[in-house]
Structure formats: structure tokens, C-alpha cells
Amino acid sequence: MKGAVRVLAATLVAGCAARGSPSPLAPEVRRLAAELDSAFASPAFDRAMWGVVVQSLDNGEVLYRRNAEKLFKPASNLKLVTGAVALVRLGPDFRYRTPVLARGARRGDTLAGDLAVIGRGDPSLSLRVAGGADILGALRPWADSLRARGIRVIAGRVAGDASWFPDPILGAGWMWDDLPYYYAAPIGALQFNEASAAVEIAPGRAPGEPCRATLLPSGAPLRVVASAVTAPADSGINTITFDRAPFTDSVIVTGRLSAGHAPVRLTVAVPDPTRYFEAALTQVLREAGITVGGAPATATAADTLFIWQSLPLRDLMPFFEKPSQNQIGEALLRTLGGEARGVASVDSGRATVRDVLRGFGIPDDAYHIADGSGVSHYNYVAPELLARVLFMMGRRPDAQVFIQALPIAGVDGTLAGRLRGTAAAGNAHAKTGDISGARTLSGYVTTSDGERLVFVLMANHFTAPRRVVDVVQDLVVERLANFRRGAPSGR
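Keep in mind that what you see is a predicted model, and the values were worked out from it rather than measured.

Student: It is not clear to me how the sheet that holds strand β20 (residues 438–446) should be interpreted in this structure. Could you clarify?
Tutor: Backbone hydrogen bonds are what pair the strands of a sheet, in a parallel or an antiparallel way. The sheet built from 5 strands is open, its strands ordered β2-β1-β21-β20-β19 with antiparallel pairing. Every other strand in the sheet has two partners, leaving β2 (62–66) and β19 (429–435) as the edge strands with one partner each. Strand-to-strand twist across the sheet, computed as the mean angle between neighbouring axes with direction ignored, equals 5 degrees. Across 8 bridges, the pairing between strand β1 (residues 49–56) and strand β21 (residues 452–460) is antiparallel. Following the sheet pairing, Val-54 is matched in β21 by Phe-455.

Shown next, in the form of C-alpha cells:
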């Protein structure tokens, strides 16, 4: 802790007070502002832009501002906005409800028709949320529910209805070369395992032998072509990689893996979320001893068998914010539109976000939002917007639901490996963000004399390595954790 502070003190020189900061400032605040000015003025950022706000959550005083009114790419800091609006408009007890219908007549233990699933956007049917090692675990209770209702045969098929989300399954402004990867998986009203499957690669027994590829779940609608080969056992080689041809289901695995190496697991985005859900549930039912004929049925009348309910939003939030899970953000944005305006579209979701932000006193020109996760390069927000969201959420009765969902420095989520051994470890709760040309970190930290601060640290247009940005952000958060006023803070 002291070492990092000494590094910061050694590298920071006196500078001008932060532009836009209120005046007069106490001497200790002026010293802090001068240090921060110097940190952001490093030659490594000569062509970059920093947007920064530091504000007391306890008394509202702004300790520091830098380009706070300018627009920046937020990357996953946008999840702070989506999560905040979801808690305000949906409430922490909100649950997704997914109806499961019998479309056709019941004859004894046989459904003479399709099992219809009406998607309402639940993003929680995943290995991440269910836990354990079974990739199909989130859907196993569905088979139990059907067996409890006496169904042993489904003459038709599993038929998914994803029409609740009317927009394209890919976000506007997403980069096409990201699409094979889990973080850019498509969005659907009927979604399984974050629209991602796994490909496990195991080496052969001897050098030169082909590696073995296993698709998990085996019914996932992907075609795996593996040309990876086994390397010598003592080589320690692992160059396994993959690609999925744009807008296809063909996964090409290449590289080398040393004999005796543990299997390597690759996570691949599946291009059709509805088809994936249907395939996964079909596999679960068959493994549970329920026959699924597979032929489409003609019956249209339907009876509700059961309605699956998700975790409440308060329990879903950590699965969203801590790992920075993009599909949850996209589902929440569309759900906001559906619940508030009856149309679960991106436009309706953005209108709902606008309404809540106006209620926070945020002007419409302080942002442009294209998606709910921050993946889009069309997103722009002002640092002062994020500071205002953090400030308002930090003063709500359900503030801890919002704050505790964020990664904790040195402890978990995307901050597990950062700020360890500092005064910020176990203290700062903050959201990271990372896309090309943007690296952001915003959240809460408590100072050495117990004052709660909101901070927003946004770096855009940098050419320095990302690690250089991280170092500055971490040193600033550590400095805030060690900040002490010369007099009581006025709380």
C-alpha cells in the first residue's frame, strides 16, 4: 500500500487546479487536484483524452473535474447506466417469467403436439448463474417440471417463440470481427447460456496425432472442424485458437497442444439464440427420459404447463456487473422498453433510460446510447453523467443492491487482480470498461477518514498499452482511498 503511494507521490508534480472545480477548495483538495492533473498529463497520454470526476457522496462536493462535460466512449461503464435504470424502473424484486405451453392435445403421458416456450428475455438460464460444471444444468429443472406433470412423450418438437424482442439479434455498432466470441454473442428473447457454447480440445496420445474436439452441449447448433495437432509432451505448447466464419455456424479450430496437456476449453458464440435454446432443451428432455419426436405439429391451441421464474433482479445484478456480462445488459435494455412501453425494443428501452436520467437531472445531450452493454462503438456519455448516476444510486434506499453488485477491488469480478495490497482493496466497488480505444473505471471508494467518494475515470483515444492506463487508474483510486481531509468533512 505505502509503496504504491510512494510511486504516485514520486511521479506526480505540482500542477494547476482541476478545470471546472468549484472554488474555493480546501488546501488538501487543491493538493489532490494538482496530483491528479499531473498524473493525467503524462506524456503517454499526449494524444489521448481523460474524462474524470471525483465527488463526495456524503456532502456533494466535487473534488475534481477534468473534461467532465465532454463525450467519451464508456465501454462497459455503460452497464452502470443500464443497471441503475433497471433497478429504478423494474425494481430489485423484478423476475423474468417464461411461459411453457403444451401446444396440442394431451393423451395420457403424451403431448400430441409441440412444447412451446415463449421467450420474455430471461438472460439467466446459463452455467454462470446456475453454477456447477453441467452446462445444461440451468434447464434440468424444466425436465423435472414436465415429468411432475406426467409428460413422458412430446410428439412434436420444442418450439421457441422469440418475437418479444423485435430488433436484430446483434447490437448496432458492434464490430464484425468480435462476433465469434462470447462477449459479442447475439441477443434473443429466448436465450440459453449467454448464447455461447464450449468446444473442448484434448491432445492425442502422441506427437503428430490430431487433437480431439468435443462440443458442449453436444446438441449445440455448431459445426466444429478441428485441424489442431498434438505437440511433443515436453514442449509445453498450447497455441489452440478458433474462428467462426462470419454469420455461419462453422467453427475452425487450429494450433498445437502438447501431449499430456489438460484439455483446453474455448467459448464460442452461437449465431442463432432461439435455435440454440431449442436444441439445448431438447437434449435435456431426452437425457431425462422424455421422448421428443422432433416433427413440427400443426396444433395452435395451447395450455400453460408452467411459468419459469428467474432470480430476482437484486440477485441477478452481480452476474451482470461483476463479470461484465454483455447479454444481460442487452436483455435489460429491451426489458425496460417492454415493461415501461409495451414494446421490448432498443428504442423503447432507450426512451425509458432517457426518462430515468431526466429524473436524475441529466440533460439529453450528455449521452448517446446505442445498446445496453457498452459493446457498441456508437455509445457516448459524459463523465459527469456517470458521476450523477453513481451519486443518485448511492443515496437510494436500495443503494447496497447497486453497489454490492459491482466488482470489488482485489477481491472479485473484473477487479479481482487489481489494487491488491492497497487501501482500495476490499474497499473500492467499481465497474471496469474496455473496448478498442477506451478504458474506463468508475465507482465508489471510502477515504481513510471514512468519507465516501464517487469517482469516474475515462480514458479514450490512447495509443499506450492498456496496462499503462490501468496503472494510472489504480494509482488514482488508491490515492482516493488514502485521502484525508484536514478537518471534518461536514457530513
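Student: I tried to follow the pattern of salt bridges on my own but got confused; where do I start?
Tutor: When their charged atoms lie close together, side chains carrying opposite charge are able to pair. Considering all chains together, one arrives at 27 salt bridges under this definition. Note that Arg-358 is salt-bridged to Asp-364, the shortest N-O span being 2.5 Å. We classify Arg-358 as partly exposed; its relative accessible area is 45%. Of the residues examined, Asp-364 reaches a relative accessible area of 35% and is grouped as partly exposed. Between Asp-470 and Arg-418 there is a salt bridge, and its shortest N-O distance comes to 3.7 Å. On the criterion of sequence distance, the pair formed by Asp-470 in helix α12 (residues 466–481) and Arg-418 in the loop between α11 (399–404) and β19 is long-range, its members being 52 residues apart. Pair check on accessibility: Asp-470 and Arg-418 agree, each one buried. Taken together, the salt bridges that share partners define one network made up of Arg-418, Asp-434, Arg-439, Arg-466, Asp-470 and Asp-474.

Student: Help me understand the packing of helix α3 (residues 78–89) against helix α7 (residues 313–321) in this model?
Tutor: The axes of two packed helices give the description: the angle between them and the distance between them. Taken N-terminus to C-terminus, the directions of α3 and α7 make an angle of 175 degrees; their axes are 11 Å apart at the nearest point. Our classification of the angle between α3 and α7 gives roughly antiparallel. Touching Lys-79, Leu-80, Thr-82, Gly-83, Ala-86 and Leu-87 of α3 are Leu-313, Met-317, Phe-320 and Glu-321, all from α7. Classifying every residue of the contact of α3 with α7 by side-chain character gives 6 nonpolar, 2 polar and 2 charged.

Basis of the calculations
- Sequence positions are assigned chain by chain, starting from 1 and proceeding in written order.
- This being a predicted model, a pLDDT of at least 70 is required before a residue's local features are given, and a value of 80 or more before pairs of side-chain atoms are given or counted; all residues contribute to the totals for chains, interfaces and linings.
- Side-chain numbers come from the whole structure's heavy atoms, not from hydrogens or water.
- Strand pairing is assigned whenever DSSP identifies at least 2 bridges connecting the two strands.
- Strands are runs of DSSP state E lasting at least 2 residues, helices are runs of H or I lasting at least 4, and numbering of each runs from the N terminus.
- With axes taken as lines fitted to C-alpha atoms, and helix axes fitted only over the stretch in contact, angles between N-to-C directions fall between 0 and 180 degrees.
- Only one rule defines a salt bridge in this text: a Lys or Arg side-chain nitrogen within 4 Å of an Asp or Glu carboxyl oxygen.
- Categorising residues by exposure relies on relative accessible area from a 1.4 Å probe, with only protein chains included: less than 20% of the type maximum marks a residue as buried, more than 50% marks it as exposed, and the intermediate range marks it as partly exposed.
- Orientation labels follow simple angle bins: below 35 degrees gives roughly parallel, above 145 gives roughly antiparallel, 65 to 115 gives roughly perpendicular, and whatever is left gives oblique.
- Contact between two residues is taken to exist if any of their heavy atoms lie within 4.5 Å; hydrogens are not considered.
- By the convention adopted, Pro, Cys, Tyr, Trp, Phe, Met, Ile, Leu, Val and Ala count as nonpolar, Lys, Arg, Asp and Glu as charged, and the other residues, Gly among them, as polar.

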